[in-house]
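# Per-entry structural report
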Amino acid sequence: MSITSINKKENDLDGVKSGGKDACETFIYDPEKVERRQQEVGQTDGLSQLFKVFADDTRLKIVYALTQEDEMCVCDVATIIGSTNATASHHLRMLRNMGIAEYRKKGKMVFYRLVSNHVHHLMQEALQLKEKK
């Protein structure tokens, strides 16, 4: 394993001062490890938009409700979140546009469901992390 050290004063990272107990007191890194990960981190490009969908409290409540049922009509979702059908539809449409939910129309009713069980697992993990906090 190769280690590279840079004098902290020479590489002050735009004047940002370190000093907390949660930061390195010197700047030493493993070039092989850094190179491997730098080649891979591009895989996350575009994921921030997906996580922004989950960052909204209302949409998160909708996703949670959808993880608890096979499907729900827009009217049910609107009632759960205390909004109009138009507002619920807007949030559900965003979930659909991101590939998280899909819908089916039955007469005058529109029903939404989650596309993947991965969303269920993500919600369960998030709730478990919240409990540990």
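Computed from a predicted model, the values in this text were never measured in an experiment.

The rules behind the values
Residues numbered from 1 in each chain as written. Predicted model: local features only at pLDDT ≥ 70, side-chain atom pairs only at ≥ 80, totals over all residues. Heavy atoms only, no water. Salt bridge = Lys/Arg side-chain N within 4 Å of Asp/Glu carboxyl O. Helix = DSSP H or I, 4+ residues; strand = E, 2+ residues; numbered from the N terminus. Buried < 20%, exposed > 50% of the residue type's maximum accessible area, 1.4 Å probe, protein only. Core = buried A, V, L, I, M, F, W, Y, C linked by side-chain atoms within 4.5 Å. Contact = heavy atoms within 4.5 Å.

Before going further, it helps to examine the pattern of salt bridges. Pairing between side chains of opposite charge can happen when their charged atoms approach one another. For the coordinates displayed, the defined rule picks out three salt bridges. Between E71 and R104 there is a salt bridge, with its nearest N and O atoms 2.5 Å apart. Placement of the pair is E71 in the loop between α3 (57-68) and β3 (72-73) and R104 in strand β4 (residues 101-106), with a sequence separation of 33 residues. In this structure, the salt-bridge partner of E102 is R113, at a minimum N-O distance of 2.3 Å. Here R113 lies in strand β5 (residues 109-114) and E102 lies in strand β4, a separation of 11 residues in the sequence. With a relative accessible area of 35%, R113 lands in the partly exposed category.

The next point concerns the nonpolar core. I62, L92, L95 and I100 are the most contacted members of the largest nonpolar core, which has 20 residues in total. Setting aside anything within four residues of it in sequence, one finds L92 in contact with I62, L66, V74, V77 and Y112.

What follows concerns the side chain of T67. Take T67: it is sitting in helix α3. Leaving out residues up to four positions away in the same chain, T67 has contacts with L114, V119, H120 and M123.

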